[in-house]
Amino acid sequence: LLQHCSRRLAAPIPACTAVLQQQQRQQQHARHISSLLPSLAPQLQQKSVNRHICSSTAAKAPVIKPKWDTETARKALASLAHEPTEFARGVEVLDSIVKVYTVFSRPDYFLPWQNHPKRESTGTGFVIRDRLILTNAHVVADQTYVTVKRHGSGTKYRADVVGVGHDVDLALLTVEDDAFWESAEDAGTMKPLQLGDVPQLQEQVLVVGYPTGGDNTSITSGVVSRLEVTQYVHAASHLMAIQIDAAINPGNSGGPALRGDVVVGVAFQNLPHADNIGYIIPLPVVRRFLSEVMLYGHYRGFCSLGIVFQTMDNPHLRRALGMTPQQSGVMINRIQPTTSTAQVLRKGDVLLEFDGVPIANDGTVHFRARERIFFTSLITLKPTGSTAHVKVLREGAVLEYDLTLDPLQTLVPVHKYDQLPSYFIYAGAPGSTACAVQL
């Protein structure tokens, strides 16, 4: 029995033999690779003991860009520099509002080398300049084909995206076919709509668009309920928005909110599980987007200080920071290291004023008579590359700085539209099903 056991112990175990042979093959493979790449020899020899690199593929996806190089697109963007001399009035307003049909395909982040199946969606747009249509960015996001149809017409025309600002949820379209812009028997001449100002509270507005439930133009009415900084769902940005109680449904996106014949906002989202709470993009945000596209040919983003702050409602906190009863502001808790303000501002500073406007302890500033709004709206409406004068309280001393404002550059993007993700594939031993994709 002892001799039998000793013979069994002396014989190699098949499983262990297979493991040893596999490790020998891996070491031979590592030596072969190290002879080709001497600089990588130490790393490969270390990894060859427990892992075999079977394949690695790095793919950098091309960016899907609109057609900037067409003559029609350049001419349409050039019209932003000139204010229209004639605007749509009366029944002509409906002729300048179009229905947008989009075929889109979004990337599959679990299988980044392919896209999801193509889908269709609809939205609304309206003419703001010669051969230039304004709509929402989420209406044409990840688009592969866009067409538009005029009010009272049965013909669709191919449209091209010439400007997109996903942060502000706005986009510009143009149509190259002259027949779309010419007057027809069943549709009048398309004149641009006049852009107005910020409406007052309780002011009556009309929302015109093509919501779900029908193909023809729909008009809903409501009043301005409030104006404040809120989240734009499309890109998770926080900008000025106007709340109204007019019905805004899918398909209304990109349509104008009218006060008479004048545009006072662009419909873009509603509040789910609530009755008649919709939001429109105010004209200061729209003009900021248009000015960026006019100056640079594309939208660069809204400005940001890159700070995280807290309000100063607590009197004990104000006293601990050495604030006088006449001083108010917000305390900086964190600063994005990728911003230029990180070289000037510090954690624990109290931001007292922005461009000469005092900031209250709750973070609001004066807006209109008996109205206040969050101070970040002053920052986001500043032009890119402009200078802002700030006043901070640091260790009991009041300091003043001039800051250059630029869009926030984050290490990890908040959103990623109109482009495919880049990815890197790595896997385990040959024949193994273990594989992972790193975005």
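Conventions used here
Residues numbered from 1 in each chain as written. Predicted model: local features only at pLDDT ≥ 70, side-chain atom pairs only at ≥ 80, totals over all residues. Heavy atoms only, no water. 1 Å grid on protein atoms, 1.4 Å probe; cavity = no way out; pocket = protein on both sides within 12 Å on 5 of 7 lines; lining within 4 Å. Points joined across faces, edges and corners; volume = space filled by probe spheres on them. Nonpolar A, V, L, I, M, F, W, Y, C, P; charged D, E, K, R; others polar. Buried < 20%, exposed > 50% of the residue type's maximum accessible area, 1.4 Å probe, protein only. Helix = DSSP H or I, 4+ residues; strand = E, 2+ residues; numbered from the N terminus. Pairing = 2+ DSSP bridges. Axes fitted to C-alpha atoms, helices over the stretch in contact; angles between N-to-C directions. Contact = heavy atoms within 4.5 Å.

### Looking at empty space enclosed by the protein
Here is step 1 of the chain: What the rule picks out here adds up to 1 cavity of 30 Å³ or more.
Here is step 2 of the chain: Of the voids in this model, the largest cavity is the one considered here, and its volume is about 40 Å³.
Here is step 3 of the chain: What lines the largest cavity is simply Val168, Leu239, Val285, Arg288, Tyr299, Phe302, Thr380 and Leu381.
Here is step 4 of the chain: Taken together, the residues of the lining of the largest cavity sort by class into 6 nonpolar, 1 polar and 1 charged.

### Remarks on the pairing of strand 14 (residues 278-282)
Here is step 1 of the chain: With respect to burial, strand 14 is a largely interior element, 5 of its 5 residues being buried.
Here is step 2 of the chain: Looking at chain direction, strand 11 (residues 237-244) and strand 14 are connected through 3 bridges and run antiparallel. By the bridge assignment for strand 14, Gln243 is matched with Tyr279.

### Structural notes on the sheet that holds strand 6 (residues 156-165)
Here is step 1 of the chain: Taken together, 6 strands build a closed barrel; the order of strands is 2-3-4-7-6-5 and the barrel is antiparallel. Taken over all neighbouring pairs, the strand axes of this sheet differ in orientation by 40 degrees on average, direction set aside.
Here is step 2 of the chain: With 6 bridges connecting them, strand 2 (residues 97-104) and strand 5 (residues 143-149) associate as antiparallel partners. Bridge assignment links Lys99 to a residue of strand 5, and that residue is Lys149.
Here is step 3 of the chain: Contacts between helix 8 (residues 283-296) and the sheet are confined to strand 3 (119-129), strand 4 (132-135), strand 6 and strand 7 (170-175), with strand 7 contributing the most and set at about 55 degrees to the helix.

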